Amino acid sequence: QDRCKGHADGTDLAHNLTDLRENPEIDTFDYNGYKPPKGKSIAHKWIATEKAVYISLDIETGGENCGIIQLSAQIFRMIEHNSKMTSEIEKECFDEYVMPSKDSIWDERLFQIHGLHRDHPRIKAADDITEVWRRFCIYVGKHIGN
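For every chain, the first residue of the written sequence is number 1, and numbering continues from 1 along that sequence. Where totals are concerned, whole chains, interfaces and linings use all residues; where local detail is concerned, this predicted model gives features only for residues with pLDDT of at least 70, and gives and counts side-chain atom pairs only at 80 or more. Side-chain measures were taken over the full set of non-hydrogen atoms in the model, leaving aside hydrogen atoms and water.

Visitor: Please clarify how the packing of aromatic side chains should be interpreted in this entry.
Guide: To describe a pair of aromatic rings, you give the distance between the ring centres and the angle between the ring planes. Centres within 6.5 Å make a pair out of two Phe, Tyr or Trp rings, where for Trp the six-membered ring is used; the pair is then stacked when the planes are under 30 degrees apart, edge-to-face when over 60, and tilted otherwise. One pass over the structure, following the stated rule, counts 5 aromatic pairs. Judged by centre distance (4.9 Å) and plane angle (10 degrees), the rings of Y54 and F76 are stacked. Here F76 lies in strand β2 (residues 68-81) and Y54 lies in strand β1 (residues 53-61), a separation of 22 residues in the sequence. Aromatic pair W133 and F136: ring centres 5.1 Å apart, planes at 35 degrees, arrangement tilted. In this pair, W133 and F136 are both assigned in helix α5 (residues 129-144), 3 residues apart and thus about one turn of the helix distant. For every residue, the accessible area obtained with a 1.4 Å probe (protein chains only) is divided by the maximum for its type, and the residue is called buried under 20%, exposed over 50%, and partly exposed between those limits. Assessed through its relative accessible area of 36%, W133 is described here as partly exposed. According to the relative accessible area criterion, F136 is buried, its value standing at 7%. Cluster of aromatic residues (ring-pair linked, three or more members): F94, W133, F136 and Y139. Helix numbering and strand numbering both begin at the N terminus, where a helix is a DSSP run of H or I of at least 4 residues and a strand a DSSP run of E of at least 2.

Shown next as structure tokens:
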């Protein structure tokens, strides 16, 4: 979580995640001598301060040769109350459509699953994945970056 601080603009979040994949020796947990209480997770520090979150993602694609056409997310904040774990749903959710590249090949069979196609008004009005991803990183940064 601390690794994402300062990335509310979404500019470096994807780069730092790449760093983690390419450099597995990077330790992202700020131990600073912290030892969780007996029987608790190493994430207890963040759960107890209501900073632990998880994200539910829903991604729709236009097929293997088309890519992402809708990206949706809902963030849940972990809460410890009377020694029981629960979660609260953040009010703001992310739900955006993506315009695939002009040379994308749509798998028309997927229309039967999600109802989206190349001429759908929301797809035609959408931004490309680079812009949608930038906004998604900002959305995530607002919830985990502080």
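Once the structure has been displayed, the description carries forward.
Visitor: Which parts of the structure should I look at to understand the pairing of β2?
Guide: Successive residues of a regular strand alternate their side chains across the two faces of the sheet. Of all 14 residues in β2, 11 are buried, a share of seventy percent or more. As paired elements, β1 and β2 share 9 bridges and run antiparallel to each other. Residue pairing in the sheet places D58 in a bridge with S72 of β2. Should DSSP find at least two bridges between two strands, the strands are regarded as paired. Counted between consecutive antiparallel strands, the loop separating β1 from β2 contains 6 residues, among which G63 sits at a positive phi close to 120 degrees. As consecutive antiparallel partners, β2 and strand β3 (residues 84-97) are separated by 2 residues, and within that stretch N82 has a phi angle of approximately 50 degrees, a positive value.

Visitor: Just checking my understanding: could you explain the sheet that holds β3 for this structure?
Guide: Two pairing modes exist for strands in a sheet, parallel and antiparallel, and in both the strands are linked by backbone hydrogen bonds. On the basis of which strands lie adjacent, the open sheet formed by 3 strands has the order β1-β2-β3 and antiparallel pairing. Either end of the sheet is taken by a strand with one partner, and the two such strands are β1 and β3. Averaged over all adjacent pairs, the angle separating strand axes in this sheet is 20 degrees, with direction ignored. For helices, the fitted line uses only the C-alpha atoms of the stretch in contact; every axis is such a line through C-alpha atoms, and the angle between N-to-C directions lies from 0 to 180 degrees.

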